[in-house]
Amino acid sequence: MKYNVKDLSLAPAGQLRIDWAEQQMPVLRLIRERFKKQKPLKGVTLAACLHVTTETANLAVTLKAGGAKVFLCASNPLSTQDDAAAALVKNHNIPVFAIKGEDNKTYYKHIHSCLDAHPQITMDDGADLVSTLHTKRREQMAEVWGGSEETTTGVIRLRSMAANNVLGYPMIAVNDANTKHLFDNRYGTGQSTLDGIIRATNVLFAGKNVVVCGYGWCGRGFAMRAAGAGAHVIIVEVKPLRALEALMDGYQVMTIARAARVGDIFCTLTGDCSVIRGEHFKVMKDGAIVCNAGHFDVEIQKDALDQLSKSSREMRPLVKQHTLANGRRITLLAEGRLVNLAMAEGHPPSVMDMSFANQSLAAEHIVKNHRRLENKVHPVPAEIDEKIAALKLKTMGVKIDKLTKEQEEYLASWQLGT
Ligand code: ADE
């Protein structure tokens with residue numbers, strides 16, 4: 001079996017962490033039990049480009065239990081948990097191509113290694129696998145039945161491909177399922193971003209001015225948690241509606257030019273490029289900490305920071321302090337890559353439970369329906385989304401009410417008024 005991981009001797013430690021995550025992924029466990037019996041993915045080759053974490057390991061094991069031949073590579077050069085990767089290879093015979101800290105060339109070599117398996121299904125977090133297939137290996141596209149996409153940035157890329165009529169096979173936008181983005185993007189990113197910044201720096205949030213760039217689901221999740229830790233939260237947005245929501249949620253809203261002068265900790269979660277630029281670094285306070293929790297490392301202009309710097313030093317792993325010509329020190333975390341995955345462990349398992357339940361059921365949906373699906377970006381079917389919400393509640397021991405017959409009739413009628 002071909003694979004490329006850092007060190008197979010990390011497997012026992014990785015397995016313990018995979019088991020720890022599994023305990024907090026009850027919905028995925030239920031799906032795995034059914035998959036074991038029914039084998040809905042029997043004989044299917046599935047290439048997945050995801051953050052290689054203990055939660056992803058549980059997804060890979062579930063897909064394999066369903067009968068798939070799973071190949072896994074990283075969706076970010078810094079997010080791989082080498083012990084989890086080793087355990088997947090050694091204990092589960094799943095080929096993994098991922099090493100934390102891999103360079104760009106190796107990152108793409110690993111994507112090609114997964115595509116060498118000639119998948120019928122692709123599973124992406126950020127659409128790098130899909131885009132590599134569409135640009136470098138077009139001859140393979142006819143073999144693919146469908147794919148799924150985990151994250152907002154990836155779905156945006158896929159929609160752009162569909163709009164330009166270049167999408168070669170149907171896609172399921174897992175990100176857009178309610179049981180995904182309302183929980184993973186909000187509570188997962190919220191908590192893990194705070195966790196990443198704290199693990200990296202041991203900085204106190206209480207009393208700090210925390211600037212959150214972007215008030216989508218990820219931004220509002222992080223804003224909520226930063227406020228909970230006692231920070232004064234400032235939101236930077238470009239959409240009037242979101243800015244208004246942020247204001248009425250109780251935060252200050254201002255431009256990045258103004259926020260740059262007052263912020264102590266900056267985090268970008270926009271999905272767009274060049275949010276924090278040279279002109280902003282120039283006016284930042286001494287000691288400012290800057291990081292990103294958006295999918296790609298394009299949100300902070302790292303080159304501009306390098307150019308403005310007289311010197312720099314690595315204070316702690318992936319914590320780089322720059323001294324500017326004006327004498328002020330600005331610290332960049334994780335090279336501007338996903339701070340929650342590079343400096344902490346990503347979203348906690350109990351939230352990835354729902355995201356990866358969606359991924360598993362999306363794969364099953366592709367197997368069952370690929371002949372009928374057009375080459376478009378499709379939602380996760382509402383029945384799947386609702387089923388996952390119901391199962392999650394059940395596993396949490398929470399019961400909810402049902403509508404009475406009278407209530408159902410009332411909702412269905414238009415004649416009844418005052
Ligand atoms: N994305 C964010 N957190 C993650 C995790 N723990 N595992 C896989 N993908 C993630």
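Here, every reference points to the structure presented above.
All of the points below concern the structure found in this document. (Residues numbered from 1 in each chain as written. Predicted model: local features only at pLDDT ≥ 70, side-chain atom pairs only at ≥ 80, totals over all residues. Heavy atoms only, no water.)

1. So, the sheet that holds strand S11 (residues 288-292)
Note the cut-off: Here, any two strands with at least 2 DSSP bridges between them count as paired. Elements are defined by DSSP. Helices are runs of H or I of four residues or more, strands are runs of E of two residues or more, and each kind is numbered from the N terminus.
Pairing is mixed in the open sheet, where eight strands are placed in the order S9-S8-S7-S10-S11-S14-S13-S12. At either margin of the open sheet sits one strand with a lone partner, and together these are strand S9 (252-253) and strand S12 (309-316). Two elements, strand S8 (residues 232-236) and S9, share two bridges in a ladder whose sense is parallel. Bridge assignment links Ile 234 to a residue of S9, and that residue is Gln 252.

2. Some remarks on unusual backbone geometry
Filter applied, for reference: Only protein chains enter the accessibility calculation, which uses a 1.4 Å probe; a residue whose area is less than 20% of its type maximum is buried, one above 50% is exposed, and one in between is partly exposed.
The backbone of Ser 274 sits at a positive phi, close to 50°, despite the residue not being glycine. On the secondary structure map, Ser 274 appears in the loop between strand S10 (265-268) and helix H12 (278-283). A relative accessible area of 23% places Ser 274 in the partly exposed class. A positive phi is found at Leu 318, a non-glycine position, where the angle reads about 60°. Relative to the helices and strands, Leu 318 resides in the loop between S12 and strand S13 (319-324). A relative accessible area of 18% means that Leu 318 is categorised as buried.

3. Structural notes on the nonpolar core
Where we set the bar: Note on terminology: a nonpolar core comprises buried Ala, Val, Leu, Ile, Met, Phe, Trp, Tyr and Cys residues joined through side-chain atoms within 4.5 Å.
Counting residues in each nonpolar core, the largest one holds 53 residues, and the members touching the most others are Leu 46, Leu 63, Leu 88, Val 96 and Met 123. Among the nonpolar cores identified, the runner-up in size contains 31 residues, and Leu 78, Cys 218, Ala 246 and Leu 269 belong to it.

4. Considerations on helix H9 (residues 217-228)
Test applied: Here a helix's expected span is defined as the number of its residues, less one, multiplied by 1.5 Å. Throughout, a contact is declared for two residues whenever any of their heavy atoms are within 4.5 Å.
With twelve residues, H9 should reach 16 Å at 1.5 Å per residue; the first-to-last C-alpha distance of 17 Å fits that figure. At its buried positions, H9 is contacted by helix H8 (178-201), strand S7 (209-213), S8, helix H10 (240-248) and S10.

5. A look at the sheet that holds strand S3 (residues 96-97)
Picture the strands of a sheet paired through backbone hydrogen bonds; they go either parallel or antiparallel. With parallel pairing, the seven strands of this open sheet are ordered in space as S3-S2-S1-S4-S5-S6-S15. Strands with a single pairing partner mark the edges of an open sheet, and in this sheet they are S3 and strand S15 (377-379). Of the pairings in the sheet, the one linking strand S2 (residues 69-74) to S3 comprises two bridges and is parallel in character. Counted as the bridge partner of Cys 73 is Phe 97 from S3.

6. Some thoughts on the site of the ligand
Using the following cut-off: When we say a residue is near a molecule or strand, we mean one of its heavy atoms is within 4 Å of it. Pairs of N or O atoms are called polar contacts if they sit within 3.5 Å, as long as, within protein, a hydrogen donor faces a hydrogen acceptor (for residues adjacent in sequence, only side-chain-to-side-chain pairs). Using a 1.4 Å probe, the Shrake-Rupley method yields the accessible areas, and only the shown protein chains count as cover for residues.
Neighbouring the ligand are the residues His 51, Thr 53, Glu 55, Thr 56, Leu 341, Glu 345, Gly 346, His 347, Met 352 and Phe 356. The contact in question runs from a nitrogen atom of the ligand to an N or O atom on the side chain of Thr 53, over 2.7 Å. Here a nitrogen atom of the ligand and a backbone polar atom of His 347 are 2.8 Å apart. Computed on the free molecule, the ligand has an accessible area of 260 Å², of which 96% lies beneath the protein chains in the complex.

7. Description of helix H6 (residues 128-136)
Most of H6 sits inside the fold, with seven of its nine residues counted as buried. Here H6 has its buried residues at Asp 128, Leu 129, Val 130, Ser 131, Thr 132, Leu 133 and His 134.

8. Remarks on the pattern of salt bridges
The criterion, for reference: The salt bridge definition used is simple: a Lys or Arg side-chain nitrogen within 4 Å of an Asp or Glu carboxyl oxygen.
If you walk through the whole model with that rule in mind, you get 22 salt bridges. Between Lys 36 and Glu 33 there is a salt bridge, with the nearest N and O atoms lying 3.4 Å from each other. Here Lys 36 pairs with Glu 33, and both are found in helix H2 (residues 26-38), just three residues apart, close to one helical turn. Because the salt bridges share partners, they merge into one network encompassing Arg 17, Asp 83, Asp 195, Arg 199 and Glu 345.

9. Details of the side chain of Asn 76
Structurally, Asn 76 can be placed in the loop between S2 and helix H4 (82-92). Under the relative-accessibility criterion, Asn 76 is labelled buried at 4%. Looking at Asn 76, its side chain comes within polar contact range of the main-chain nitrogen of Leu 78, at 2.8 Å.

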